[in-house]
Structure formats: structure tokens, C-alpha cells
Amino acid sequence: MTSAALEILGLGLGILGWVGVILACGLPMWQVSAFIDVNIVVAQTIWEGLWMTCVVQSTGQMQCKVYDSILALRPELQAGRALTVIVGLLGLVALMVTVVGAQCTNCIRPGKMKSRVVVAGGAIYILCGVLVLVPLCWFANIVISDFYDPTVPSSQKREMGAALYIGWAATALLLFGGCLICCCSCSQRDETSFPVKYSAPRRPTSNGEYDKKNYV
């Protein structure tokens, strides 16, 4: 029962991480305007994401524009789009595979095959965490490098947006949930392997009857 509860916990963390990746993919706040000038009056804030760029006025009005050409995008945007979409699809596959092999379902008979299916689901969750970590760290590296680059104008400097932090949190949930699922499969395998019972041979007593103490 303990391994089943931990397995459900790992599945829940994996689902939360998967939803977090989808949320980070859709948010336009991967890069935001950095205001580092002295005595500057902020009139608008620029948000840049994987799919669109938005301008938020000081009055609260927001205007967004989707990128026109895919081929004209920067390499980090193209890689970010591709990897986040792949992770979104793989997360759905990991969910179905883990549910099929979970101890709380009867899709597969208990045994080695069931534990292998669970390990496959956990491994896919771990793969999702590794894949989504690539564009997140790539964007963070570009933002930090441009911020401390003296040749970049102050108006073009950016800071890390909320989508990056959501993505990192989702990555941690995916990795931890996948590891938890894989670890529970090992304990599941131990529980399904029954010990061999020894039965003592029955020997007749002096009166011709079998001794009851020889029964197990």
C-alpha cells in the first residue's frame, strides 16, 4: 500500500509538472523589459514569449502580436517551440502509460510486465523534464549575457520573466515525479514476488497416524 500511495503521488507530481510546462509554453513572459536607467518613467512594458510579443501600457491596456514568420525566428525561439510542444505530447503519453501500469488499475495483470510499464512511464516523465530544461536554460543564458553586455543598449536589455520560473518549477516536478514512479516500481516488484514456503515431510507415528506438528 505504501508503494501504491507513493506511485499515485509521483503521478500527481508528473501531471502538475506537465500542466506547468503547457502553461509556461503559452505565457508570453519569457523575457520582460529591464528598466535600469535612473529617473525613468515607465510608460509601457514589453513581454516576449515563444509565440507572441505583448506591450502592456501603464494604463493596463495590453496589445499582443503573434510572430509573423516561423523561419525568421531566432534559434532559441524555434528550439523552445519545438521542445515544449514535444514535451506536451510526451507528457500525455507518460500519463497514459503510467495509468495503464499503475497498481491501482487492472489494465495489466500484476507481474514484471506491469512494473516495466510503470518504469517506462516514469522514464518518459524524466525525459520530459530534461527536454524542457534545454530552452529554459538557453533563454536564461541569453538574457543574462545581454544584460551584462555593455554593447547592448539599455532599451534592449531584458530580464527573466515569470514563464521561466514556472518552467523550472515544472521541470522539478517532472523529474521528482518520474524518479518517484520508477522507485515505486522496484518495491512493487518485490511485493509481487512471493517467498517459497517449506513443508516438512509427514512421518507416521508409532500408532500409525501422522503427527499433526508436521503440518505447515
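Reading guide: rules and limits
Residues numbered from 1 in each chain as written. Predicted model: local features only at pLDDT ≥ 70, side-chain atom pairs only at ≥ 80, totals over all residues. Heavy atoms only, no water. Disulfide = S-S within 2.5 Å. Helix = DSSP H or I, 4+ residues; strand = E, 2+ residues; numbered from the N terminus. Buried < 20%, exposed > 50% of the residue type's maximum accessible area, 1.4 Å probe, protein only. Pairing = 2+ DSSP bridges. UniProt positions renumbered as here; feature names shortened; annotations may be inferred. Axes fitted to C-alpha atoms, helices over the stretch in contact; angles between N-to-C directions. Parallel < 35°, antiparallel > 145°, perpendicular 65-115°, else oblique. Left-handed = near helix turned anticlockwise from the far one by under 90°. Contact = heavy atoms within 4.5 Å. Nonpolar A, V, L, I, M, F, W, Y, C, P; charged D, E, K, R; others polar.

Enquirer: Is there a simple way to think about the state of the cysteines in this case?
Expert: Between two cysteines, a covalent bond joining their sulfur atoms is known as a disulfide. Per the stated rule, a full pass over the model turns up 1 disulfide. A disulfide bridge connects C54 with C64, and the sulfur atoms are separated by 2.1 Å. Sign of the S-S torsion, about 110° for the bond between C54 and C64, identifies this disulfide as right-handed. Of this pair, C54 sits in strand β3 (residues 52–57) while C64 sits in strand β4 (residues 62–66), and the two are 10 residues apart along the sequence. C64 gets classed as partly exposed once you look at its relative accessible area, which sits at 40%.

Enquirer: Which parts of the structure should I look at to understand the pairing of β3?
Expert: In regular strands, side chains alternate between the two faces of the sheet. As paired strands, strand β2 (residues 44–48) and β3 are joined by 5 bridges and run antiparallel to one another. Paired with W47 across the two strands is C54, which belongs to β3. Counting the residues that bridge the hairpin from β2 to β3 gives 3 residues. As defined by bridge partners, β3 adjoins β4 across 5 bridges and the pair is classed as antiparallel. Note that in β4 the partner of T53 across the bridge is K65. Taking the residues that link successive antiparallel strands as the turn, the β3-β4 hairpin has 4 residues, and the phi of G60 there is positive, at about 105°.

Enquirer: I tried to follow the UniProt feature "transmembrane region" (unreviewed entry) in the protein on my own but got confused; where do I start?
Expert: Per the UniProt record, "transmembrane region" (unreviewed entry) is annotated on residues 7–30, 82–105, 117–144 and 164–184. Helix makes up 83% of residues 82–105 and strand 0%, with an end-to-end C-alpha separation of 33 Å. Taken as a whole, residues 117–144 contains 100% helix and 0% strand, while its terminal C-alpha atoms sit 41 Å from one another.

Enquirer: I would appreciate a short explanation of the packing of helix α1 (residues 2–26) against helix α2 (residues 75–101) in the present structure.
Expert: The packing of two helices is summarised by the inter-axis angle and the distance between the axes. Orientation of α1 relative to α2, taken along the N-to-C sense of each, is 160°, at an axis distance of 10 Å. Here α1 is positioned roughly antiparallel relative to α2, judged by the angle of their axes. At the point where α1 passes α2, the crossing takes the left-handed sense. Residues L11, I15, W18, V21 and C25 of α1 form the contact with α2, whose participating residues are T84, V87, G88, G91, L92, L95, T98 and V99. Per-class residue counts for the contact of α1 with α2 are 9 nonpolar, 4 polar and no charged.

Enquirer: For this particular structure, what's the right way to read the sheet that holds strand β1 (residues 31–33)?
Expert: Reading across from one edge, β4-β3-β2-β1-β5 is the order of the 5 strands in this open sheet, with antiparallel pairing throughout. Sheet topology places β4 and β5 (158–160) at the edges, where each strand pairs with a single neighbour. Each strand axis lies, on average, 25° off the axis of its neighbour in the sheet, ignoring direction.

Enquirer: Would you explain the packing of α2 against helix α3 (residues 112–147) in this entry?
Expert: At their nearest, the axes of α2 and α3 sit 8 Å apart, and the two run at 160° to each other. One element, α2, and the other, α3, form an angle in the roughly antiparallel class. α2 and α3 meet at a crossing whose hand is left-handed.

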